[in-house]
Structure formats: structure tokens, C-alpha cells
Amino acid sequence: MTYAITQTCCNDATCVAVCPVNCIHPTPEERAFGSTEMLHIDPRACIDCGACADACPVDAIFPVDSLSVGQREYAEINAAYYEGAEPVVAEVDGPNFHAWGEPVFERSLPSDFGPLRVAVVGTGPAGMYAAQDLLLHTAAEVTLIDRLPVAGGLVRYGVAPDHPATKKVGDTFSRFHSHPRVRMHLGIEVGRDVTAGELSAHHDAVIYAVGASTDKRLGVPGEELPGCLSATAFVAWYNAHPEAVAQGVDLSAERVVVVGNGNVALDVARILVADPEALAATDIAAHALDALRASRVREVVVLGRRGPGDAAYTRSELLALKHVPGVELVVDDHDPRTAAAIDAAGAGDRAGVLKGLARVRTDAASPTGGERRIVLRFHSEVVEIRGGGDGVNSVRVTDGGGDGDGGGTADLGAGLLLRAIGYRGIPVPGLPFDESSGTVPHEGGRVAGVPGSYVVGWIKRGPSGGIGANRTCAAETVGTLLADAVAGELPAPAGDAKAFRRLARQRNRRVVDARGLAAIDRAERDRGRRDGRPRVKLATVEELVATARSGRLLRLTR
């Protein structure tokens, strides 16, 4: 029996490091690493030890014999990756079968080097991979800072609630929240409560992991109408982000149009038509669950500007969409190029996943009943969003009209439009910013012209790559930071950790520390147990801060 990697693969390559026979590829040392949607296990070389499954932070690896109906295709996907390649031959003359090279310690400091004090701004995957790297490879003291009064970033507020396995990577990060060399200041915003200069004055180095927190615009008439939202706002709403409006997403229309062809577009489409009772077993926001239970949405049309072979979503997410209970996945064949691309696609192509799906024509009128469905409409762009003061009532899109020339237009009745066409970083006060790319200019993570400042994640490389991509990104940045430290290029801080703690609390009396964060976690899990859910999130800043304070005071009085 061999193992296979499935849909939730995060690509952080933890499994590669523990495999004794080197049967998981691509590895971080290989050129293809980061360019494939997932890692793959070679069934010809796998020795069924299960080490990879034990190490996987997102529960993506299973024995082939135990794969569910919806996962069985992944056994073929793993095997297909190695077609035509020579199998790895394991050396079995010792307890460790892997042919290891000489050890390399790229991210370490000389033994006589004093501990660095490093601030990490942002507690999502990028920031936590950087913190983890520093804590595991050096004696650094790390200050974790986040503008929200709770840690987690993308894991807490970006991952869809029906992907609980992906959220488990948060458990890997949370063990560092209470690390003896970590100090946590949640609810502190750089540029509002402290300046970048003040952060640098109290730390040897500062790593900014602030992500890409805004979205791109369509630039079409009607985009400002009520009922035209960013997918960023919608995801924040159903994930109980404290800055999202608890009330305000109108789900009274039977059709929703989602613009975009990435994983986020598939996420929001799936959530809109999923069975609310299935979502009730997740950590979805309570207000979103109530709204979805009352929702009238029956159809979601996902618009892609290009063809099915050029879509940005991963093949694994598309495969999963075919197995959502009670939801039909269909393809709009308004443009003959769509059918031609699907019919010509190979089994391993993204468009090949769409073979066998029903092909339909999307009518102008919204659906009036029947099975819930998701319609993938390719070669189609939004021209205009129509409606009035009450909101959106239709979306005008390009339409091939059967000729494939894209010259015509069609109106799709819809009461809600969500744009999921990409994220964009915003400037960090005190740091340079490239408006064209939405990133901070850097060299290997070193911020240009600001000694001692570094970037990691989407603010460094742009909004590309999933959770696991941040591990190698963080390794590069931390490596650059440590090289600068050894070269004596880090400015000496004027203040110490205690001075920064005093400064932070002077500027914001509602700062949450590690004990407060633990109190929030306990409270959310307790609420979840009462409702038969993994957790019920606190959805406002006031609730989070009050819970952190009350839990901390309770522990102090015991």
C-alpha cells in the first residue's frame, strides 16, 4: 500500500524532509518546486512508512486504499507525475535510506553571536514561518505584532471554513505563540500606534509580513452599486473578520455572479451554494451561517476572461468542486472555444477535469428553482453592472454569440456580484512602495534603502503562492537578515524589549498578549462545544479584547 498527496497540500515540503526514500517531489532543491500545484508521492518508491502523513501540517496525505470517492483521483494524479521518470532506488543497508548530502546551515549565527531581537509584523503564515525559522535556528528573541487583537492572519480569516484540514497548519504556528523567546503585542498597527522608525529603534531587525489586504477593481460602470462587493470582503464576512460588517451581504437573489477564475472565486462560489447544515459543523461566522440558511441563492455563475486551460485555480480545487453534495457543476458553452478546449485537453490538464460535465446556456433570467449549481463561464468579461439604489439587478457580459468572436454582449440577471480578480498590497508607512506591483522593493527580502527592515510573503513577492510557499520565502528573508547581522550591517537599537512593551501599551491600552490570546482561544472553543462546532469565533474587536482581558484576569486571580 502506498500513500498519496491530496487536495489540501500546502506545498511547505515538511513531508519531503521526513521521507526516508526521497519519493516526494518536487523538493525545495529542485527547479520545479513552487511551480507545481502540489507535491507528489512516487508510488513505485513509497515504502508505506507513513512518516509523511504524520508530518503533514494540513492532513493532506493518506494511504491510497483509504481514499474517499472524491479523493481517488489523487492516486492517479500522484502516479501520473512520475510517468516516464526513473524511480528512486532506496539504499537499504542502514536505518536511514535517504541518500543525504552534507548538512548545510544557511540560517544560523556563529556560536559566540549574541541573540538578536527581531520584530515580526503580521501573524499569518508568512510571518509565522519567519518567526519559526528564527526560533528554531537561532537564539533570537521575537516580538510578534499584528494590527488585529488576535493572531492567525490568512489561516484564520482567509481559508474557507469547509477546509478544516488546511486550517490545521495554524496549530503548527500556535505552538510558537507561547514560546519563551516570544513576546506578543496584538492590536498594534504600524503607522497608527507605532511608527516603523520606533519599531526599528527597539529591535535589531524588523520583518514585515503584512500581506496584500486590498483587492483589484474591475473598472466598469456600476461597480459602486450596492451588491457589488470584493471577494475579499465576502471572505472576511463569512470568516468573522472583526473589520467585516456582520450584517450587509444580501443573499435574496437566486443568482450570483463571481468574477475571477482563481481558488478564491471557487471558494466563494462553493460557500454560496453549500448546504448550510454542513457548514454548521465548521467555524464559519455565526452571522454568515444565519444568512446562508435564509439564502435564496440557487446558482453561481463564475466568469473567466480566458479559456478553461488558462484558469488560475488549481486542479485539486476544481476536482473538489465536482464532489460538493447537492451541487451540480456545469459549463456554459456560449463560446465554441470552450468546448473545443475541453475536448482537446489531456487527462492531466486543468481543462481535462471538465470533461463529462453538462454543458448549458446561461439564460438572462435568474433560475427559479431546481438543484443548486455552479456554472463555469469562460471567454466572458464584465462590461457593465446594472441596477439602482436598491442594488444590482443584472450584469452585462461579453458573449461569443455562437460565433466565438466575442463581439456580442449578454445580460445575466443577478442580485449580487463578487469580484475575485486578485489581491493587492498597500503601502506600509515608513517603507518604500512600488505602486505598479503593490509590493515593497527589496533584495532577497532586504527592504531597499531601509537598513534592518525586511519583507516576507505577499508584500514581498506579490499575491501569488499558497500557505506553504511562504516557508521558502521566509527562509530566504531570514537568511538575508542573518547574513546582514554577521556582516555588522544591522543598526544597533536604542531601546530594549521592556521599553517597547511600555511604548506599545502607552499608545494602545487594549493590547492583547499571549495570555490574552489563549483566553480568546479557550472562549471560542468553549462556545463551539456548546453548539457542536470546532469553535465559534468572536466577531468584533470589542469582544476579542474583552475576552482577552477577562481570561487574563481570571488566570491572575487563581
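Throughout, residues of each chain are indexed from 1 in the direction in which the sequence is written. This being a predicted model, a pLDDT of at least 70 is required before a residue's local features are given, and a value of 80 or more before pairs of side-chain atoms are given or counted; all residues contribute to the totals for chains, interfaces and linings. To get the side-chain values, take all heavy atoms of the structure and skip hydrogens and water.

S.K.: Describe the overall build of the protein chain, and please don't skip the residues or the numbers.
M.R.: Looking only at helices and strands, one finds 19 helices and 23 strands in the protein chain. Each radius of gyration is computed over the set of C-alpha atoms, and the globule rule expresses the reference value as 2.2 Å times the number of residues to the power 0.38. In summary, the protein chain has a C-alpha radius of gyration of 25 Å against a globular reference of 24 Å for 558 residues, a match within 12%. Once the C-alpha set of the protein chain is aligned to its principal axes, its extents read approximately 70 × 65 × 50 Å. The buried share of the protein chain, reckoned over its 558 residues, is 52%. A run of H or I in DSSP counts as a helix once it spans at least four residues, and a run of E counts as a strand once it spans at least two, with each numbered from the N terminus. Only protein chains enter the area calculation, which uses a 1.4 Å probe; residues under 20% of their type maximum are buried, those over 50% are exposed, and those in between are partly exposed.

S.K.: Give a description of unusual backbone geometry that names residues and reports values.
M.R.: Omega for the bond connecting H25 with P26 falls within 30 degrees of zero, at -5°, which places this linkage in the cis form. Along the chain, the position of P26 falls in the loop between β2 (24-25) and β3 (40-41). A positive phi angle is found at A13, which is not glycine, with a value near 70°. Of note, A13 is situated in the loop between β1 (3-5) and α1 (14-18). Among the residues examined, A13 registers a relative accessible area of 5% and is labelled buried. Even without glycine at this site, D59 takes up a positive phi of about 50°. Tracing the sequence through the fold places D59 in the loop between α2 (51-55) and β4 (61-63). For D59, a relative accessible area of 33% puts it in the partly exposed group.

S.K.: Explain the sheet that holds strand β18 (residues 408-413) residue by residue, including any values.
M.R.: Spatially, three strands are ordered β16-β17-β18 in an open sheet, and the strand pairing comes out antiparallel. A single partner strand is all that each edge strand has here, and the edge strands are β16 (382-388) and β18. Shown here is a sheet whose adjacent strand axes are inclined to one another by a mean of 25°, direction ignored. Note that β16 and strand β17 (residues 391-399) share six bridges and pair antiparallel. Opposite G387, over in β17, you have V392 as the bridge partner. Strands were regarded as paired on the criterion that DSSP finds at least two bridges between them. Only the stretch in contact is used when a helix axis is fitted, and all axes are lines through C-alpha atoms; the angle between N-to-C directions ranges over 0 to 180 degrees.

S.K.: Account for the packing of aromatic side chains, naming residues and giving values.
M.R.: Planes of paired rings set the category: under 30 degrees apart is stacked, over 60 is edge-to-face and the rest tilted, where pairs are Phe, Tyr or Trp rings (Trp by its six-membered ring) whose centres lie within 6.5 Å. Following the criterion strictly, the structure yields five aromatic pairs and no others. Between the aromatic rings of Y81 and Y82, the centroid separation amounts to 5.1 Å while the plane-to-plane angle is 85°, which identifies the pairing as edge-to-face. Look at Y81 and you get partly exposed, because its relative accessible area is 32%. Ring centres 5.5 Å apart and planes at 40° place the aromatic pair Y423 and W458 in the tilted group. Separated by 35 residues along the polypeptide, Y423 in strand β20 (residues 423-424) and W458 in helix α15 (residues 458-461) bring together distant segments of the chain. Through a chain of ring-to-ring contacts, the aromatic side chains of F234, W237 and Y238 assemble into a single cluster.

S.K.: Pulling in residues and values, what's your account of the environment of A32?
M.R.: Relative to the elements of secondary structure, A32 occurs in the loop between β2 and β3. Judged by relative accessible area, A32 falls into the partly exposed class, the value being 28%.

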